[in-house]
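Residues per chain, in single letters:
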Amino acid sequence: MDIEERLQDVKGKIAKAEKYARRPAGSATLVAVSKTFDADAIRPVIAAGQRVFGENRVQESQGKWLELKAETADIELHLIGPLQSNKAADAIALFDVIETVDREKIARALAEEMGKQGKAPKLYVQVNTGLEPQKAGIAPKETAAFVEFCRKDLGLSIEGLMCIPPAEENPGPHFALLAKLAKECGLEKLSIGMSGDFETAVEFGATSVRVGSAIFGAR
Ligand SMILES: *Cc1c(COP(=O)(O)O)cnc(C)c1O
């Protein structure tokens, strides 16, 4: 399959999973994860109609997306990798959704930059559902308090939660935990599922799935 066929294949599988889960068609958005691929590799995917993309590094994204966004007006770019506060200004300037808000310091830096730039990307809180020491994200039991802090103390509007389950575990329980936390916090958006488990994620209520290698090929 070429890249357009792989894109259509993934979209077909999402549609099938939505139907199987008795969810409305189109209720799970495909975020095409283009990290490590350059502008020339991404253009055919944009040409095939894909508009929502994910990247995990701010600097790498600037190199290609300033150009690609200038070419196509309605791109929605998601930051799905860890964010350092010294990159907050660049992240606010480039991204439409930041999925990796996971600590007070970064939330404060984002709030300050949003004020300065008069720009308000949508924000998700990343939860470390597996409590993995090497992985970013707030602990599940601290999630509700952190969301409250973002809302009340910083005036940030949080739209949803995101998680990356431990690679070697069954993702279902992690997706279920994230869905439960989102419900408790009154959040509607759930960013779960990657190339290996996006159909499962749709069954667990994903409002967006982040799929890279199944579209772009191995990195
Ligand atoms: C790279 C990445 C993905 C996509 O992974 P694939 O297995 O290639 O689909 C999804 N989410 C995050 C946070 C990533 O860093």
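It should be emphasised that the depicted structure is a prediction, and the values quoted were computed from it without experimental measurement.

About the criteria used
Residue positions are counted from 1 within each chain, in the order its sequence is given. Under the rules for a predicted model, residues below a pLDDT of 70 receive no local features and side-chain atom pairs below 80 are neither given nor counted, while totals for whole chains, interfaces and linings still include all residues. Excluding hydrogens and water, the side-chain values take into account all heavy atoms of the structure. Nearness here has a simple test: a residue counts as near a molecule or strand if at least one of its heavy atoms is within 4 Å of that partner. Pairs of N or O atoms are called polar contacts if they sit within 3.5 Å, as long as, within protein, a hydrogen donor faces a hydrogen acceptor (for residues adjacent in sequence, only side-chain-to-side-chain pairs). Note on areas: these come from Shrake-Rupley sampling with a 1.4 Å probe, and a residue is covered only by the protein chains present in the view. Following the grouping adopted for this structure description, the nonpolar residues are Ala, Val, Leu, Ile, Met, Phe, Trp, Tyr, Cys and Pro, the charged ones are Asp, Glu, Lys and Arg, and the polar ones are all others, Gly among them. Salt bridges, as used here, are contacts in which a Lys or Arg side-chain nitrogen is within 4 Å of a carboxyl oxygen on Asp or Glu. Numbering of helices and strands runs from the N terminus; a helix is a DSSP stretch of H or I covering at least four residues, while a strand is a stretch of E covering at least two. Throughout, the protein atoms alone are placed on a 1 Å grid, and a set of points is a cavity if a 1.4 Å probe fits but cannot get out or a pocket if it is open with protein on both sides within 12 Å along at least five of seven lines; lining residues have an atom within 4 Å of a point. Grid points are joined across faces, edges and corners, and a volume is the space filled by probe spheres set on the points. The classification of residues rests on relative accessible area computed with a 1.4 Å probe and restricted to protein chains. Under 20% of the type maximum is buried, over 50% is exposed, and intermediate values are partly exposed. Pairing between strands is defined by DSSP: at least two bridges between them are needed. Classification remark: right-handed applies to a crossover when, strands pointing away from the viewer, the course from the first strand over the helix to the second runs clockwise. Angles here are taken between N-to-C directions and fall from 0 to 180 degrees, while the axes themselves are lines fitted to C-alpha atoms, restricted in helices to the stretch in contact. Reported orientations rely on four angle classes, namely roughly parallel under 35 degrees, roughly antiparallel over 145, roughly perpendicular from 65 to 115, and oblique for the rest. Crossings are sorted by hand: turned counterclockwise from the far helix by less than a right angle, the near helix makes the crossing left-handed, and turned clockwise it makes it right-handed. What makes two residues a contact is simply this: any of their non-hydrogen atoms within 4.5 Å. The aromatic pairing rule takes the rings of Phe, Tyr and Trp, using the six-membered ring of Trp, and pairs them if the centres are within 6.5 Å, calling planes under 30 degrees apart stacked, those over 60 edge-to-face and the rest tilted.

Engineer: How do you make sense of the site of the ligand when you look at a structure like this?
Structural biologist: The environment of the ligand is made up of 13 residues, and the closest members are Lys-35, Ser-195, Gly-212, Ser-213 and Arg-219. Between the ligand and Lys-35, the relevant distance is 2.7 Å, taken from an oxygen atom to a side-chain nitrogen or oxygen of the residue. One of the side-chain nitrogen or oxygen atoms of Arg-210 is found 2.9 Å away from a nitrogen atom of the ligand. Compared with its free state, where it exposes 390 Å², the ligand has 90% of that area covered by protein. When the residues that make up the shell around the ligand are grouped by side-chain class, the tally is six nonpolar, four polar and three charged.

Engineer: Whenever I open this one, the pattern of salt bridges confuses me. Can you help?
Structural biologist: Any two side chains of opposite charge can pair, given that their charged atoms come close. Here the structure, examined in full by the defined rule, presents 17 salt bridges. Here Lys-152 and Glu-148 are joined by a salt bridge, their closest N and O atoms 2.7 Å apart. With Lys-152 and Glu-148 both in helix 6 (residues 143–153), this residue pair falls four residues apart, about one helical turn. Beyond isolated ion pairs, a larger network of salt bridges with shared partners links Asp-40, Arg-43, Glu-67 and Glu-71.

Engineer: I tried to follow the layout of surface pockets on my own but got confused; where do I start?
Structural biologist: Rolling a probe over the atoms, with the probe sized like a water molecule, indicates the empty space that remains. Estimated volume of the largest pocket: approximately 380 Å³. Lys-35, Asn-56, Ile-80, Ile-164 and Met-194 are the residues nearest the centre of the largest pocket, which is lined by 18 residues in total.

Engineer: Help me understand the pairing of strand 6 (residues 158–163) in this model?
Structural biologist: Residues in a regular strand project their side chains so that they alternate between the two faces of the sheet. Most of strand 6 sits inside the fold, with five of its six residues counted as buried. Across five bridges, strand 5 (residues 122–127) lies against strand 6 in parallel orientation. Looking across to strand 6, one finds that Val-125 is bridged to Leu-161. With respect to chirality, the unit in which strand 5 leads through helix 6 into the neighbouring parallel strand 6 is right-handed. As defined by bridge partners, strand 6 adjoins strand 7 (residues 189–191) across three bridges and the pair is classed as parallel. Within strand 7, the residue paired with Leu-161 across the bridge is Leu-190. Since strand 6 and strand 7 lie parallel, the crossover through helix 7 (residues 172–184) that links them has a hand, and here it is right-handed.

Engineer: Which parts of the structure should I look at to understand the environment of Gln-134?
Structural biologist: Relative to the helices and strands, Gln-134 resides in the loop between strand 5 and helix 6. Relative accessible area serves as the criterion here: at 61%, Gln-134 is assigned to the exposed category. With 41 residues separating them along the chain, Gln-134 and Ala-93 place their C-alpha atoms 28 Å apart.

Engineer: Just to check I follow, could you spell out the packing of helix 2 (residues 39–47) against helix 3 (residues 58–71) for this structure?
Structural biologist: Any two packed helices are characterised by the angle at which their axes cross and by the distance between the axes. Between helix 2 and helix 3, the shortest axis-to-axis distance is 11 Å and the interhelical angle comes to 30°. Comparing the axis directions of helix 2 and helix 3 gives the class roughly parallel. The crossing of helix 2 and helix 3 is right-handed. Contacts between helix 2 and helix 3 involve Ala-39, Ile-42, Arg-43 and Ile-46 on the former and, on the latter, Lys-64, Trp-65, Glu-67, Leu-68 and Glu-71. In terms of residue class, the contact of helix 2 with helix 3 is built from five nonpolar, no polar and four charged.

Engineer: Any chance you could explain the packing of aromatic side chains here in plain terms?
Structural biologist: Both the distance between ring centres and the angle between the ring planes are used here to describe each pair of aromatic rings. All chains considered together, the criterion is met by four aromatic pairs. Ring geometry for Phe-37 versus Phe-216: centroids 5.2 Å apart, planes at 25°, classification stacked. A residue pair is termed long-range when its members are at least 10 positions apart, and Phe-37 in the loop between strand 1 (29–33) and helix 2 and Phe-216 in helix 9 (residues 213–216) qualify at 179 residues. Phe-216 shares its class with Phe-37; the two are buried. Residues Phe-175 and Phe-204 carry aromatic rings whose centres are separated by 6.1 Å and whose planes lie at 65° to one another, so their mutual orientation is edge-to-face. Linking Phe-175 in helix 7 with Phe-204 in the loop between helix 8 (198–203) and strand 8 (208–211), this pair joins segments that are 29 residues apart in sequence. Phe-204 sits in the partly exposed class, given a relative accessible area of 33%.

These figures come from the coordinates and say nothing about function on their own.
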